[in-house]
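Read off the chains here:
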Amino acid sequence: VIGRYIKLDNETESINVELNQVDDNHIFSTMNTDDEDQSQLLSNTMTASLSNTVIVRQPHQDTHSNQYISNSLGEKGQPVIFDPNYLNPEERQKYLNQWNSNNFNGYLSDMISLHRTLPDVRDEECKHLNYSKDLPETSVIICFTDESWSALLRTVHSVLDRSPPRYLREIILIDDFSTKDFLKQSLDDYVATLPKVKVFHAPRRLGLILARIWGAKIASAPVLFFLDSHCECAQGWLEPALELIKRDDTTVAQPVIDVINASTLGYTAFQANNIQLGGFNWELIFDWHPIPEREHRRRNYQNHLPVKSPTMAGGLFAISKRYFNYLGAYDEGFDVWGAENLELSFKIWMCGGTLYTMPCSHVGHIFRTFPPYKIKPYDYFKRNNVRLAEVWLDEYKNYYYNSINFHLPEFGDVTSRKKLRENLHCKSFDWYLNNIFPELFVPNRDGIAYGQIESRAVPLCIHANTGATPTRAQMCVKYDKSQYWILSYYGQMRNGNNCLRYSLESRALTLIACLTENVNQHWEYTKQSQIRHTHSGTCLQLLEAGLLMMEKCKRVKTQQWKMARGAPP
Ligand code: UD2
Ligand code: MN
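The rules behind these values
- Residues numbered from 1 in each chain as written.
- Chains lettered and ligands numbered in written order.
- Predicted model: local features only at pLDDT ≥ 70, side-chain atom pairs only at ≥ 80, totals over all residues.
- Heavy atoms only, no water.
- Buried < 20%, exposed > 50% of the residue type's maximum accessible area, 1.4 Å probe, protein only.
- Helix = DSSP H or I, 4+ residues; strand = E, 2+ residues; numbered from the N terminus.
- Pairing = 2+ DSSP bridges.
- Axes fitted to C-alpha atoms, helices over the stretch in contact; angles between N-to-C directions.
- Contact = heavy atoms within 4.5 Å.
- Disulfide = S-S within 2.5 Å.
- Domains from an automatic or database assignment.
- Buried area = accessible area lost by both parts, 1.4 Å probe.
- Salt bridge = Lys/Arg side-chain N within 4 Å of Asp/Glu carboxyl O.
- Polar contact = N/O pair within 3.5 Å; in protein donor to acceptor, adjacent residues only side chain to side chain.
- Nonpolar A, V, L, I, M, F, W, Y, C, P; charged D, E, K, R; others polar.
- Donors = N, O, S within 2.8 Å, 3.2 Å for Na, K, Ca; no water.
- pLDDT = per-residue confidence, 0-100.

Trainee: How would you summarise helix 10 (residues 340-350) if you had to cite specific residues and measurements?
Mentor: Among the 11 residues in helix 10, 11 count as buried, and that is most of the element. Buried within helix 10 are the following residues: Glu340, Asn341, Leu342, Glu343, Leu344, Ser345, Phe346, Lys347, Ile348, Trp349 and Met350. Gly352 occupies a position one or two residues after helix 10 and carries a positive phi of about 100°.

Here it is in structure tokens:
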């Protein structure tokens, strides 16, 4: 037996068993089992919308050729569960190396067809839209550094296979000084066999931001469509963006970014009633938000229509080349990775454009927990964010500086970027917050008490622990952001975007993502300096060793807490 193929039928919850001969070197044998580790594997697949599982024991030898492709492995975006314990030691080492260099299952990616099919994941309404007959042409720009061969080329082929040829002028690959050998001559040779695809090798490491600027300069079509180098474009991905930009070239359009699971490569789509919009927090980290009611109303509750998004995730979007240059592309002082997505988002809104997410356009992306490239000897993300804050955040930059504990790094010269903002007569950040992202928590507008919460009984402060660990008190540490709380006007006790929560049912005091209008997250800071949970009418009490409990409110020192009243500065 070389491998096992397990098929789980969602509806009946039964396990079907099949035998599959893939090619001369590959046989997938199947077996029906209810043993423990198999049910574990199967339960992992349940999180994905599709349910075929393949456990491969003996994969092909040549990881950079496409010759041993199964007809079914990963087809239709199915997740493939891959158990490395079935690999021989040599293959297992290759598998581990691929994880280390990519931070996703590159070994499995190499076994899946570069032309694998995806289901048409669009909502029904999307399939019957009529697009203009003369949409503008696009240049697709894909920057990469040390990308997996198959992930990169699956991105390229998904563009070639699923774009109407008349709208696709070219695909520009910018190799950002990769060190992997196969991304040089072999890539050039491979790409030479494809229509419309060109590779440009950077003479030094540019970082993704300068690499994109370079790609945009080379591009000849009126519309630029940027993609990451580990994406798969789904059916109908291109037309919605071209339609929006044709109507108004100050419109910037991002597809729904579907999830390609980093270990199973299973493709999971977001339906239009379930998509999330881009936001950010005061650490200037991008995050996701549900569509606010005001946007549902503006669109007459038609989920498939383009929805206004405060920010973009950054990697996947279409913009007119003219407008990209008009907005000053990206800050060329940004290094390696990060901040460019918020810069462009703020610029678009503040300088007269519109940023949409298009529920009818789907592109999958392999999300990884952290980027695989070597970290430079300094914190480039923080430095980029300081440049961003200096130029675009006005007085709001102090929230960011508070969150990074006031230690400003050297951030270079931003005069030319400030000049750009002036020349374009862009609106203020205050305008942006009030009009484009009113849902964002703004401390001095929405806060009524802030800072450390220190016990009056002993010098201990409430410390934020996310996840299952109960919240407790610890030694007070100044400028520790886990001890910086803001009680909001709406009664939330916030640590960043997380809120203190107490539930009568579980009797647990935890920290979870803030939800407005959740009774379990509603608190008051009383005249007697108590932290009172409104719904249960109980008060926060310090026990020995920093443990916290919700108890009947009474006048004891262990229920009294020091916290600065008034809005944070
Ligand atoms: C997200 C964006 C990414 C970018 C980033 C912030 C999505 C899906 N992804 O992070 O596009 O906006 O936020 O900067 O919205 N690369 C280079 N040179 C480098 C580093 C990276 O060419 O020095 C390439 C890399 O190979 C990849 C792309 O840039 O194709 C984005 O990098 P990532 O995939 O690590 O970023 P991601 O998806 O975590
Ligand atoms: Mn990416």
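Trainee: Explain the sheet that holds strand 27 (residues 538-542) residue by residue, including any values.
Mentor: Across the sheet, four strands lie side by side as 25-26-27-28; this open sheet has antiparallel pairing. At either margin of the open sheet sits one strand with a lone partner, and together these are strand 25 (523-525) and strand 28 (548-552). Sheet twist, expressed as the average angle between the axes of neighbouring strands with direction ignored, equals 40°. The pairing of strand 25 with strand 26 (residues 531-533) spans three bridges and is antiparallel. Bridge pairing in strand 26 links Glu524 to Arg532.

Trainee: Help me get a handle on helix 7 (residues 239-247), residues and values and all.
Mentor: Because an α-helix completes one turn every 3.6 residues, residues spaced three or four positions apart along the sequence face the same direction. The element helix 7 is extensively covered by neighbouring structure, given that seven of its nine residues are classed as buried. Listed as buried for helix 7 are Glu239, Pro240, Ala241, Leu242, Glu243, Leu244 and Ile245. Those residues of helix 7 that are buried are in contact with strand 6 (138-144), strand 9 (223-227), strand 11 (251-260), strand 16 (317-320) and strand 17 (354-366).

Trainee: Give a description of the state of the cysteines that names residues and reports values.
Mentor: Counted under the stated rule, the structure contains five disulfides. In this model, Cys461 is linked to Cys476 through a disulfide, with the two sulfur atoms separated by 2.1 Å. The sign of the S-S torsion, about 95°, decides the handedness of the disulfide formed by Cys461 and Cys476: right-handed. Taken together, the residues span a long stretch of sequence, with Cys461 in strand 19 (residues 460-463) and Cys476 in the loop between strand 20 (472-475) and strand 21 (485-488) at a distance of 15 residues. Assessed through its relative accessible area of 25%, Cys476 is described here as partly exposed. Paired by a disulfide, Cys539 and Cys553 hold their sulfur atoms 2.1 Å apart. Since a negative S-S torsion denotes a left-handed disulfide, the Cys539-Cys553 link at about 90° is right-handed. Of this pair, Cys539 sits in strand 27 while Cys553 sits in the loop between strand 28 and strand 29 (561-565), and the two are 14 residues apart along the sequence. With its disulfide-bonded cysteines labelled consecutively along the sequence, the chain is connected as 1-3, 2-4, 5-6, 7-8, 9-10. For the unlinked cysteine Cys231, the closest cysteine sulfur is that of Cys233, found at 6.7 Å.

Trainee: Break down the domain arrangement of the chain for me, citing the residues and quoting the values.
Mentor: For the chain, the domain assignment lists domain 1 (3-102), domain 2 (136-366) and domain 3 (443-565). At the interface, 12 residues of domain 1 touch 13 residues of domain 2. Of the roughly 860 Å² buried between domain 1 and domain 2, counting both surfaces, carbon and sulfur atoms make up 55%. For the pair domain 1 and domain 2, the number of links is zero salt bridges. Counting across the interface, domain 1 meets domain 2 through three residue pairs in polar contact (both at pLDDT 80 or more). Split by residue class, the side of domain 1 that touches domain 2 holds six nonpolar, six polar and no charged.

Trainee: So, the coordination of the manganese ion (ligand 2): which residues are in play, and what are the values?
Mentor: Looking at the metal site, the manganese ion (ligand 2) is ligated by Asp228 (OD), His230 (NE2) and His365 (NE2), spaced 2.1 to 2.2 Å from it. Residue class for His230 comes out buried when judged on its relative accessible area of 6%. Of the residues examined, His365 reaches a relative accessible area of 11% and is grouped as buried.

Trainee: How would you summarise the environment of Met550 if you had to cite specific residues and measurements?
Mentor: Position of Met550 among the secondary structure elements: in strand 28. Exposure remark for Met550: the relative accessible area of 7% places this residue in the buried category. Every residue in contact with Met550, bar those within four places of it in the chain, is listed here: Tyr502, Leu509, Trp523, Ile531, His533, Thr538, Cys539 and Leu540.

Trainee: So what about the confidence of the model for the chain? Which residues, and what values?
Mentor: With 85% of its residues at a pLDDT of 70 or more, the chain has an overall mean of 86. A low-confidence stretch, residues 1-36 (pLDDT under 50), is modelled with 86 contacts involving residues beyond four sequence positions or located in other chains. Segment residues 39-71: pLDDT under 50, and 101 contacts once partners within four positions in sequence are set aside and those in other chains are kept. For this predicted complex, the interface confidence score (ipTM) comes to 0.99, while the overall pTM stands at 0.84.

Trainee: Report on the pattern of salt bridges, specifying residues and quantitative values.
Mentor: Opposite charge on two side chains permits them to pair, given that their charged atoms come into close proximity. Summed over the entire model, instances satisfying the criterion amount to 25 salt bridges. Here Glu343 ties to Arg417 by a salt bridge, and the two come within 2.9 Å at their closest N and O atoms. Of this pair, Glu343 sits in helix 10 while Arg417 sits in helix 13 (residues 415-423); the two residues are 74 residues apart in sequence, bridging distant segments of the chain. Arg417 gets classed as buried once you look at its relative accessible area, which sits at 11%. One salt bridge connects Arg421 with Asp394, and the closest N-O pair in it is separated by 2.9 Å. Within this pair, whereas Arg421 is found in helix 13, its partner Asp394 is found in the loop between helix 11 (380-392) and helix 12 (397-403), the two being separated by 27 residues in sequence. Overall, the relative accessible area of 13% leaves Arg421 in the buried class.

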